[in-house]
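Given next are the chains, with one letter for each unit.
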Amino acid sequence: MLERLKESDRKWTEETYEKIRTKMRAECARIGSRIPYIAENGVYREDKAKSDIIWWTNGFWPGMLWQMYHADGEEQYRTAAEGAEEKLDRAFDIYTGLHHDVGFMWLHSAVADFRLTGNERSKARGLHAAHLLAGRYNPRGKFIRSWNRDRSGWVIVDSMMNIPLLYWARDVLGDPRFEYVAMDHADTVMKYTVREDGSCNHIIVLDPENGELLETPGGQGYGPGSSWSRGQAWAIYGFALSYVHTGKKEYLDTAKKVASYFIAQTDRTEHVALVDFRAPKEPVYWDSTAGVCAACGMLEIAKNVPELEREFYLESALKILRATEAKFCNWDPEYDSIVQMGTGAYHSEGDRHVPIIYGDYFFIEAILRLLDKDFLIW
Ligand code: GLY
């Protein structure tokens with residue numbers, strides 16, 4: 001992407017990367033292989049490796065470290081990422097409570113390690129996670145179930161970011177079954193999650209006997225029929241990735257449709273995302289993480305569309321990234337976390353307007369993408 005950037009955008013991107021380097025060096029020295037989630041007043045107090053090893057975000061810190069190791073080659077990133085990956089083995093041991101988010105957890109840790117270093121132990125971990133994900137497939141309903149307990153027909157749009165683990169297993173094992181499962185799932189999500197206007201449901205409840213649509217609860221958004229912005233971002237990036245891994249054009253068209261909707265919404269709010277685009281006007285809740293994830297998806301779309309369309313997605317991603325940097329980034333190297341003002345869910349006060357680890361991951365990935373220094377972790 002670098003050669004396509006205007007001079008001012010190029011300068012901004014390079015300066016931002018230097019800020020990321022300073023910040024990540026300091027954070028890595030402080031945090032090492034602990035697994036951070038939400039910083040409180042600039043400190044990552046909680047170590048998810050100790051408090052909740054099966055938590056879905058536990059891959060993002062090693063993902064940031066592997067991206068930085070790939071871009072910069074500093075050994076401290078690799079050592080810390082390897083340490084975090086080993087800690088995640090305990091999640092396999094516990095097993096109970098593991099979920100559809102095993103892609104987020106192991107694509108960013110073991111699979112990234114294998115991709116960059118060829119570590120065979122990491123490959124085994126990634127394949128183990130892929131089998132767990134494929135094991136959640138419902139062959140009658142043609143979907144991968146989300147979550148656990150009694151929710152056998154529940155599917156959430158976030159799952160689109162996990163199925164790249166299956167495409168990776170297909171490639172490594174040369175076994176098309178993983179692709180069949182992933183594409184059946186993507187087709188079902190595409191059919192029932194994405195609405196005519198390009199907005200998305202967060203949750204679809206399907207009949208586990210036959211896959212018929214039963215309900216669309218509001219999930220992490222405002223309510224049924226609303227449009228939770230991070231869910232829209234998962235759809236943009238997730239469908240773009242399914243296109244990259246399969247070549248099925250409907251996935252790219254779907255990613256573009258949701259991206260157009262997302263861009264139209266964020267154009268109204270100076271290029272930062274509300275938590276839900278269809279929530280009441282007041283109170284105003286923001287989610288910085290939705291914007292940076294969507295921007296990564298737009299940059300992936302930009303790589304896969306004809307020249308004439310490319311500019312639109314690149315420009316739109318840049319507007320979001322630049323607005324996020326100007327409004328929400330903290331560059332003090334002594335302060336843990338970069339992107340502030342993330343929000344877990346519309347109705348949850350505990351994680352409203354806080355820095356959440358995946359906001360930092362996607363911001364870093366987006367900047368590295370612009371500089372052609374990223375590697376495809378998904
Ligand atoms: N995958 C859960 C979330 O986006 O909060």
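Notes on the structure follow. None of these values were measured; they are calculated from a predicted model. (Residues numbered from 1 in each chain as written. Predicted model: local features only at pLDDT ≥ 70, side-chain atom pairs only at ≥ 80, totals over all residues. Heavy atoms only, no water.)

## Here's the deal with the overall build of the protein
Note the cut-off: Here a strand is any run of E in DSSP of at least two residues, a helix any run of H or I of at least four, and the numbering for each starts at the N terminus. When we talk radius of gyration, it's over C-alpha atoms, and the globule rule is simply 2.2 Å times the number of residues to the 0.38. Burial classes: relative accessible area under 20% of the type maximum marks a residue as buried, over 50% as exposed, and values in between as partly exposed (1.4 Å probe, protein chains only). Any two residues whose heavy atoms approach within 4.5 Å are treated as being in contact. His is not counted here, nor are the chain ends, while Lys and Arg score as positive and Asp and Glu score as negative. By convention, the charge on Lys lies at NZ, on Arg at CZ, on Asp at CG and on Glu at CD.
Within the protein one finds 14 helices and five strands. Against the compact-globule benchmark of 21 Å for 378 residues, the protein has a radius of gyration of 19 Å, which places it among compact chains. Overall size of the protein, expressed as C-alpha extent along the three principal axes, is 55 × 45 × 40 Å. Relative to its 378 residues, the protein shows a buried fraction of 62%. Restricting to contacts in the protein with at least 6 residues of sequence separation, those with at least 24 account for 70%. Each charge class in the protein can be summarised by its mean position, and for the 46 positive and 57 negative side chains these summaries are 1 Å apart.

## A few points about the site of the ligand
Let me state the cut-off plainly: Definition of nearness: a residue and a molecule or strand are near each other if at least one heavy atom of the residue lies within 4 Å of the molecule or strand. In protein, a polar contact means a hydrogen-donor-capable atom and an acceptor-capable atom, both N or O and within 3.5 Å, with residues adjacent in sequence counting only if both atoms are side-chain atoms; elsewhere, any N or O pair within 3.5 Å suffices. Accessible areas in this description were obtained via Shrake-Rupley with a 1.4 Å probe; residue shielding takes into account the shown protein chains only. Ten residue types, Ala, Val, Leu, Ile, Met, Phe, Trp, Tyr, Cys and Pro, are classed as nonpolar, four, Asp, Glu, Lys and Arg, as charged, and the remainder, Gly among them, as polar.
Inspection of the region around the ligand gives Trp56, Asp158, Gln220, Trp228, Arg230 and Trp234 as its neighbouring residues. One of the side-chain N or O atoms of Asp158 is found 2.7 Å from a nitrogen atom in the ligand. Within the side chain of Arg230, one N or O atom sits 2.5 Å away from an oxygen atom of the ligand. When the ligand sits alone it has 200 Å² of accessible area, and the protein chains cover 92% of it. Of the residues in the shell around the ligand, the class split is three nonpolar, one polar and two charged.

## A word on the pattern of salt bridges
This is how it is decided: What makes a salt bridge here is a side-chain nitrogen of Lys or Arg within 4 Å of a carboxyl oxygen of Asp or Glu, nothing more.
Across all of its chains, the model carries 30 salt bridges by this definition. A salt bridge links Asp9 to Arg322; the nearest nitrogen and oxygen atoms lie 2.7 Å apart. Of this pair, Asp9 sits in helix α1 (residues 7–31) while Arg322 sits in helix α13 (residues 307–328), and the two are 313 residues apart along the sequence. A relative accessible area of 8% means that Asp9 is categorised as buried. Between Glu40 and Arg45 there is a salt bridge, and its shortest N-O distance comes to 3.5 Å. Look at Glu40 and you get partly exposed, because its relative accessible area is 40%. It is possible to trace a salt-bridge network through shared partners that takes in Glu85, Asp89, Arg121 and Arg125.

## Remarks on unusual backbone geometry
Residue Glu282 is joined to Pro283 through a cis peptide bond whose omega torsion reads -10°. Here Pro283 lies in the loop between α11 (249–267) and α12 (288–303). Not every positive phi belongs to a glycine, and Trp147 is a case in point at roughly 50°. Looking at the element boundaries, Trp147 is found in the loop between β2 (143–144) and β3 (154–156).

Coordinates in, geometry out; function isn't part of it.
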